[in-house]
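Spelled out, the chains give:
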Amino acid sequence: RGRRPVKGKILHRSIGRGLRLLRTMATASEKAAPILGKLEELNIKCPVWEHAAAFTVDEWKPIIKEQNMEGIVTKTLFLKDKKDQLHLVAAAEQSAVDMKAFGKDARFAKDEVMSATLNVEKGSVSPFSLLNDKDKKVKVHVDTTLLNHGGKILFHPGTNERTVAITKDELLAFIKALAYEVNTVEMSAGGAPKPASKPAAPKDSTAKKAAPEKKELEAGETKLGIEYPKTEEYFADWYSQVITRSDMLDYYDVSGCYILRPWAFKIWKIIQGFFGAEIEDMGVEDCYFPMFVSKGALEREKEHVEGFAPEVAWVTKSGESDLSEHIAIRPTSETVMYPAYAKWVQSYRDLPIRLNQWCNVVRWEFSHPQPFIRTREFLWQEGHSAFANKPEAETEVFNILDLYARIYEEYLAVPVIKGKKSEKEKFAGGDFTTTVEAFIPVTGRGVQGATSHHLGQNFSKMFGIKFEDPTKSDGSHTYAYQNSWGCTTRTVGVMIMVHGDDRGLVMPPMVSPLQVVIIPCGIAAKTPQAEREALYNECEKLATRLKRVGVRSKADLRNNYSPGWRFADWELKGVPLRLELGPKDLAKQQTLACRRDVGGKDNKAPLPLESIETKVTDLLKQIQKDMFEKAKAERDSHVVEVREWKDFTPALNAKNMILAPVCADKEVEVNIKKRSAEESAEQLDDKAPSMGAKCLCIPFDQPDMPPGTKCIMSGKPAAFWALFGRSY
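Criteria and cut-off values
Here the residue numbering is sequential within each chain, running from 1 through the sequence in written order. Totals for whole chains, interfaces and linings use every residue, but because this is a predicted model, local features are given only for residues with pLDDT of at least 70 and side-chain atom pairs only at 80 or more, for both listing and counting. Just so you know, side-chain values use all the structure's heavy atoms and leave hydrogens and water out. Numbered from the N terminus, helices here are DSSP runs of H or I no shorter than four residues, and strands are runs of E no shorter than two. Relative accessibility under 20% of the residue-type maximum defines a buried residue, over 50% an exposed one, and the middle range a partly exposed one, all with a 1.4 Å probe and only protein chains included. What sets the accessible areas is the Shrake-Rupley method with a 1.4 Å probe; for residues, cover comes only from the shown protein chains. Paired rings are identified among Phe, Tyr and Trp, the last through its six-membered ring, by centres lying within 6.5 Å, and are further divided according to the angle between planes into stacked (under 30 degrees), edge-to-face (over 60) and tilted (the rest). Both site types are read off a 1 Å grid over the protein atoms alone. A 1.4 Å probe that fits but cannot get out defines a cavity, while an open set with protein on both sides within 12 Å along at least five of seven lines defines a pocket; lining residues have an atom within 4 Å of a point. Grid points are joined across faces, edges and corners, and a volume is the space filled by probe spheres set on the points. Just so you know the grouping, Ala, Val, Leu, Ile, Met, Phe, Trp, Tyr, Cys and Pro go in nonpolar, Asp, Glu, Lys and Arg go in charged, and all remaining residues, Gly too, go in polar. As a rule, the C-alpha atoms of each element are fitted with a line to give its axis, helices using only the stretch in contact, and angles between N-to-C directions run from 0 to 180 degrees. Roughly parallel covers angles under 35 degrees, roughly antiparallel covers those over 145, roughly perpendicular covers 65 to 115, and oblique covers all other angles. By convention the crossing between two helices is left-handed if the near helix lies anticlockwise of the far one by an angle smaller than a right angle, and right-handed if it lies clockwise. Should any heavy atoms of two residues lie within 4.5 Å, those residues are considered in contact. By nonpolar core is meant a set of buried Ala, Val, Leu, Ile, Met, Phe, Trp, Tyr and Cys residues that side-chain atoms within 4.5 Å join together. Here the rule is simple: two strands pair whenever DSSP picks up at least two bridges between them. Any N or O atom pair separated by 3.5 Å or less is treated as a polar contact, with the protein-specific requirement of one donor-capable and one acceptor-capable atom, and with residues adjacent in sequence counted only for side-chain atom pairs. Two cysteine sulfur atoms make up a disulfide if the distance between them is within 2.5 Å.

1. Some details on the overall build of the protein
Inference 1: Scanning the protein for helices and strands turns up 20 helices and 31 strands.
Inference 2: By the burial criterion, 53% of the 728 residues in the protein qualify as buried.
Inference 3: Looking at the protein as shown, the accessible area adds up to about 32900 Å², and 50% of this sits on carbon and sulfur atoms.

And the structure:
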């Protein structure tokens, strides 16, 4: 891990030669070595590639293309059914897998079960992992698509930082050498395991619908649309397809880092425009500080550096020379900016200092990145201020939090809960942290939207930010009161997760890069060129009229695509409103308006061209309002009050956030998280998520607390209601 990828180069063509090379490599190579050794023992000679970690198929495919790997892309599922039978399913990437076919209530096995059985981490499992199943607990199923494939098949050899290409005969030889029986699986028939010689099992009309079967593309053909449904079972695949196929993002060869394409970056620019103007009116100024932090500066605030230490990326070399002092890449900028503040502040007249910068930060240490939500590098704004007194500082904290809530609710149409973080969850080194918490209903998980921290005098004392206090006659100094606050490109991911559907993105008009697309319709192959051009001109005129009243609009005149293809393209990208304009519409002086946020037959209505500017702007406002109200109603249906512990874990497992009365004892939330995780495993077996409930926040809007209310965990008198839930 961390090695520079070798682009376009097969590291070795014989396993014997490969093993000699592996002795000098890192942990990934050690994981691959036993498997490569077994292949050598079986006289299976195959190419092996080194590359950046690929945690999903969508991260793997660009690497395969870049390094010119030849072979069919695969996916390997590790399942556990209700009878505790384990199943390893090796399938072609495009095959649909119905997990129900592998036993009653078959689900993905927990990570710890996979690790204990196959000694492999999530994202790295393959048929090669069977080498570590010493007790032969696993049943093996192989997709017929792989067995009918005449070329190479690609798998990870125990680590997702390596790829091996083998033939079907070599695959079967490896599995059978480990004394496993191979069950042939006809994936295209719904995923029911069956011997190849027997007819396909009859289709069960009551069975759970499998993900739609993918088809291979012909040369020059464009893949359009989303193949996975937006359900908890397929959510990761759905999300990956939505963000890539809608041109929001592309994968990069450094794991956890992503390319933000213009369609996503424009959303961030709209957020920048709103927030930047608001804080400028408050008196905040923009600036820029370096991204590098000296080790001495980073370590000056002990509690702060301990909070970020696992995530800090360090620069240790310049070319081939070791640096005399390691330099950190900023995980946040308190320790970058505050030495300068100490120089600038001498008198109370130098305060307040209120600065903001739009920049990137790097937080490195985690295993499973998720685009926009949890990435190693991300964009954000971070504000840092210093005041002469505490009331002014605290006022700013809450004013900034209100702006963050407006970003989510007024722009992204995502409801949030404003509150204060618990002592355990607050910003390291701060006095208190305020937050806006969003919720993803399909997964039942909360997500921290943005935070505004009051640092008190902790950092000013550490960095010497002090001033001569005019209220003191002895000329003594007072330390400044400080805040820091930040909001990231996570906003974009939350919006996608909340509003997206089975057809792709659903954009709130306030942040959509394009609010209205106009598509000419009713043109046949025999339509005279003059009529065709006249219709195109009317579409351009309509777009111009809307642009003049501030509507982001364009006419899509791509005549190499059919109107239906363009409809689907813009639906995938989530454009809020489509206007269809044809010869018959022009004759009636109207256009047909189609709303993206509404499905079925109710999403179309005619609009008169005479007053189109007013009609469209009013409709966009209505779409924004409807999207927020729909999201809020769904969020509210997943917030439940629980007063007794017996009701806590069942409510959590029903994909809810829970309001519970608690005391101020710090150990309470630790125990709640531990106990809810244990009970989830007992109640739902392997269906249960591996995490317990954490304290998301202490909401500012508190339900009534009847006298005598007890803490749900300790039984002590309750001090407040806290919001608990699973989270990203």
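There's plenty left to go through after this.
2. Examining the packing of aromatic side chains
Inference 1: Evaluation of the coordinates by the stated rule reveals 23 aromatic pairs.
Inference 2: With a centroid separation of 5.5 Å and an interplanar angle of 50°, the aromatic rings of Tyr 338 and Tyr 341 are classed as tilted. One end of the pair, Tyr 338, and the other, Tyr 341, are both in helix H11 (residues 334-344), three residues apart, so they sit about a helical turn from each other. Each member of the pair, Tyr 338 together with Tyr 341, is buried.
Inference 3: Where Phe 398 meets Phe 432, the ring centres are 6.1 Å apart and the plane angle is 20°; that geometry is what we call stacked. Residue Phe 398 is located in helix H12 (residues 390-411), and its partner Phe 432 is located in strand S18 (residues 432-440); the two are separated by 34 residues in the primary sequence.
Inference 4: Residue Phe 398 is classed as partly exposed on the basis of its relative accessible area of 34%.

3. Things to note about empty space enclosed by the protein
Inference 1: Taken as a whole, this structure holds four cavities of 30 Å³ or more when the rule is applied.
Inference 2: Forming the walls of the largest cavity are Arg 503, Val 517, Phe 567, Trp 570, Glu 571, Val 575, Leu 577, Arg 578, Cys 594, Arg 595, Arg 596 and Asn 603.
Inference 3: Among the elements of the structure, helix H16 (563-573), strand S25 (577-581) and strand S26 (590-595) are those that each provide at least two residues to the lining of the largest cavity.
Inference 4: By volume, the second largest cavity is sized at about 60 Å³.
Inference 5: In terms of lining, the second largest cavity is formed by Ala 52, Ala 53, Glu 59, Ile 63, Tyr 251, Tyr 252, Asp 253, Val 254, Ser 255, Gly 256, Cys 257 and Tyr 258.
Inference 6: A breakdown of the residues in the lining of the second largest cavity according to their chemical character gives eight nonpolar, two polar and two charged.

4. Section: the packing of helix H8 (residues 262-282) against H12
Inference 1: In contact at an axis separation of 11 Å, H8 and H12 are set at 155° when each is read in the N-to-C sense. Overall, the two elements H8 and H12 adopt an arrangement that is roughly antiparallel. Note on packing geometry: the crossing formed by H8 with H12 is right-handed. Contacts between H8 and H12 pair Ile 270, Ile 271, Phe 274, Phe 275, Glu 278, Ile 279 and Met 282 from the former with Glu 396, Asn 399, Ile 400, Leu 403, Tyr 404, Arg 406, Ile 407 and Tyr 411 from the latter.
Inference 2: A breakdown of the residues in the contact of H8 with H12 according to their chemical character gives eleven nonpolar, one polar and three charged.

5. Comments concerning the nonpolar core
Inference 1: Ranked by internal contacts, the top residues of the largest apolar core, which has 62 residues, are Met 248, Phe 275, Tyr 404, Ile 440, Val 494 and Ile 496.
Inference 2: When residues of this core are assigned to their parent elements, the largest contribution, nine residues, is made by H8.
Inference 3: In this structure, Tyr 404 is in contact with Phe 275, Gln 381, Val 436, Ala 450, Thr 451, Ser 452, Trp 485, Gly 486 and Cys 487, ignoring residues within four places of it in sequence.
Inference 4: Among the nonpolar cores identified, the runner-up in size contains 38 residues, and Ile 44, Ala 92, Val 125 and Leu 146 belong to it.

6. Points about unusual backbone geometry
Inference 1: For the peptide bond that leads from Leu 351 to Pro 352, omega is 0°, which places it in the cis range.
Inference 2: Checked against the element boundaries, Pro 352 lands in the loop between H11 and strand S15 (353-362).
Inference 3: The residue Phe 372 is not glycine, and still its phi comes out positive at about 70°.
Inference 4: Along the polypeptide, Phe 372 turns up in the loop between S15 and strand S16 (377-387).
Inference 5: Non-glycine residue Lys 655 carries a positive phi angle of around 65°.
Inference 6: By the secondary structure assignment, Lys 655 is in the loop between helix H19 (648-653) and strand S29 (657-662).

7. Re the sheet that holds strand S27 (residues 604-608)
Inference 1: The strand order S24-S23-S25-S26-S27 describes an open sheet built from five strands, whose pairing is mixed. The strands lining the two open edges of the sheet, one partner per strand, are strand S24 (553-555) and S27. The average undirected angle you get between the axes of adjacent strands in this sheet is 25°.
Inference 2: Where S26 and S27 come together, five bridges link them in antiparallel fashion. Bridged to Ala 593 within S27 is Ala 605.
Inference 3: Where H16 meets the sheet, it contacts strand S23 (516-520), S24 and S25, and its direction lies at approximately 170° from that of S23.

8. Brief notes about the side chain of Arg 245
Inference 1: Structurally, the position occupied by Arg 245 is in helix H7 (residues 235-245).
Inference 2: A polar atom in the side chain of Arg 245 sits 2.9 Å from the backbone oxygen of Gly 225.

9. Notes on the state of the cysteines
Inference 1: In the structure shown here, the tally under the stated rule is zero disulfides.
Inference 2: Not engaged in a disulfide, the cysteine Cys 359 finds its nearest cysteine sulfur in Cys 287; these two sulfurs lie 8.9 Å apart.
Inference 3: On the basis of relative accessibility, which here comes to 7%, the residue Cys 359 falls in the buried class.
Inference 4: Here Cys 697 is not cross-linked by a disulfide; its sulfur's nearest cysteine counterpart is in Cys 695, at 6.9 Å.
Inference 5: Judged by its relative accessible area of 0%, Cys 697 is buried.

10. Structural notes on H7
Inference 1: Burial within H7 is extensive, with eight of its eleven residues counted as buried.
Inference 2: Turning to H7, its buried residues number three or more, namely Phe 235, Trp 238, Tyr 239, Ser 240, Gln 241, Val 242, Ile 243 and Arg 245.
Inference 3: Structurally, H7 contributes buried residues whose contacts are with helix H3 (57-66), strand S9 (249-251), S18, helix H14 (490-499) and H16.
Inference 4: Positioned one or two residues after H7, Asp 247 has a phi angle of 65°, which is positive.

11. Points about the sheet that holds strand S13 (residues 313-318)
Inference 1: Read across the open sheet, the three strands follow the order S12-S14-S13; overall the sheet is antiparallel. Looking along the sheet, the strands with just one partner apiece sit at the ends: strand S12 (292-294) and S13. Neighbour-to-neighbour, the strand axes of the sheet open up by a mean angle of 45°, direction not taken into account.

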